[in-house]
Amino acid sequence: MKILHVITSLSTGGAEMLVVNLMPMFKKMGHEVGVVVFNGERTPLMDRLERECPECEIYRLGASYYNPWYIMKLVRIMRKYDVVHTHNTAPQLFGAFGSVLCSVVTRHENVLVTTEHTTSNRRRGWKWYVCIDRWMYRRYKRVICISNQAEENLRQYLKREKFSIQTIFNGVDVESFHNAKAVEAMKSEKFVAVMVAGFRYQKDQDTLVKAMERLPKEGYELWLVGDGDRRKEIETLVRNLNLQDNVKFLGLRTDVAAILKTSDVVVMSSHWEGLSLSNIEGMSAGKPFVASDVDGLREVTDGHGILFPHEDSGALAEIIKRLSEDKEYYQAIANRCYSRAKEFDISEMARRYNEVYLEFS
């Protein structure tokens, strides 16, 4: 079977990481694979995809995300494939338009599949947009949600049962994270918290930075891995709080597993998530995982890691402090997190995606 995945970019992010991880697995299953990237800027993830799956055809459409001309470019590529699997807003919509043009102009019928990566998004707040979304989702043979909460929220939003929706949990290569080696040169005498996330509003690095202000500077350090539109804003917050010596911006990294192993605790302070890969990666590394009590983080973390009230930097600081001081408590949480991570191995995710594709072959 010929399978094409369509995504906005291959910069940092959960959806981007999933696409790169899945392509070699689908290739081993005997499929021909390709990836369309709207913003074709070269990134470490793109380099990794080329290295780990050289048979994967990568189509770089341009240097932006929402260029309508991409629809025509997409049609020419889609006609070469049996299954087209989209991720993120623009590919979802452009893929739906492209499928119409493919069937009318080229008489080629694609099986359209999409993954819903979050429990919410901005367009769901636009009451006039729901009709467009209902049309779009009807073009898809299957809509895959990455958590039970994401599926529930989508069904409530669409308010109809005519859509073919199911949940397949995100996954990571659990053992590769668990067996990663720490970066000796990065080891710190301080207790290190790390957050791996793009710098955008949803991720709310602000709360974690504010938590660091409440902790003794001589004993604690924060590493922020990722990049994005709000990085400068967070850098300004760090300067305003006089935390320049305690907060390190590590940028985009390809050695995330090693960084997690080198740190002491993994934190996600997001406003919301779909099902965070950083959540599962942190647990896989055998570190305590601490998350805001919100949709998409609660589902995986509750009963295993530690949840703190949304945007409560004081509560977060107290949790980090206790983990640093109580070694028995620290290890108990770390063990529970690793046990939970094993339920989300990427091999199970790939198997279930493949079942969806074969269902329509």
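Just above, that's the structure.
Residues numbered from 1 in each chain as written. Predicted model: local features only at pLDDT ≥ 70, side-chain atom pairs only at ≥ 80, totals over all residues. Heavy atoms only, no water.

**Notes on the pattern of salt bridges**
So, point 1. Enumeration over the complete set of coordinates arrives at 21 salt bridges.
So, point 2. As a salt-bridge pair, Arg142 and Glu359 come within 2.9 Å of each other at their nearest N and O atoms. Of the two residues, Arg142 is situated in strand S6 (residues 142-145) and Glu359 in helix H15 (residues 346-359); the sequence distance between them amounts to 217 residues.
So, point 3. One continuous salt-bridge network, built from bridges that share partners, spans Arg42, Asp47 and Glu50. (Salt bridge = Lys/Arg side-chain N within 4 Å of Asp/Glu carboxyl O. Helix = DSSP H or I, 4+ residues; strand = E, 2+ residues; numbered from the N terminus.)

**As for the side chain of Ser269**
So, point 1. By secondary structure assignment, the location of Ser269 is in the loop between strand S11 (265-268) and helix H11 (277-284).
So, point 2. Separated by 2.6 Å, the side chain of Ser269 and the backbone oxygen of Asp204 make a polar contact.
So, point 3. Dropping the residues within four chain positions of it, Ser269 is found in contact with Met195, Lys203, Asp204, Gln205, Thr207, Leu208, Ser292 and Phe308. (Polar contact = N/O pair within 3.5 Å; in protein donor to acceptor, adjacent residues only side chain to side chain. Contact = heavy atoms within 4.5 Å.)

**Points about the sheet that holds strand S3 (residues 57-62)**
So, point 1. Sheet architecture is open: seven strands sit in the order S3-S2-S1-S4-S5-S6-S7, paired in parallel fashion. Every other strand in the sheet has two partners, leaving S3 and strand S7 (165-167) as the edge strands with one partner each. For this sheet, the mean inter-axis angle between neighbouring strands, taken without regard to orientation, is 20°.
So, point 2. In terms of strand pairing, strand S1 (residues 2-7) meets strand S4 (residues 83-87) through four bridges, oriented parallel. The residue of S4 that forms the bridge with Leu4 is Val84.
So, point 3. Of the strands in this sheet, strand S5 (111-116), S6 and S7 are in contact with helix H6 (residues 148-158), which crosses S7 at around 160°. (Pairing = 2+ DSSP bridges. Axes fitted to C-alpha atoms, helices over the stretch in contact; angles between N-to-C directions.)

**So, the sheet that holds strand S8 (residues 191-196)**
So, point 1. Read from one edge to the other, the open sheet built from six strands follows the order S10-S9-S8-S11-S12-S13, with strand pairing classed as parallel. One side of each edge strand has no neighbouring strand; the edge strands of this open sheet are strand S10 (247-251) and strand S13 (306-308). The average angle at which neighbouring strand axes cross in this sheet is 25°, direction not considered.
So, point 2. Two strands pair when backbone bridges link them, and S8 and strand S9 (residues 220-225) are joined in this way by six bridges, in the parallel orientation. Opposite Val196, over in S9, you have Val225 as the bridge partner.
So, point 3. Contacts from H11 reach S8, S11 and strand S12 (289-292) within the one sheet, and its direction differs from that of S12 by about 160°.
So, point 4. Packing of helix H13 (residues 313-325) onto the sheet brings it into contact with S8, S9, S11, S12 and S13, and relative to S13 it is tilted by some 150°.

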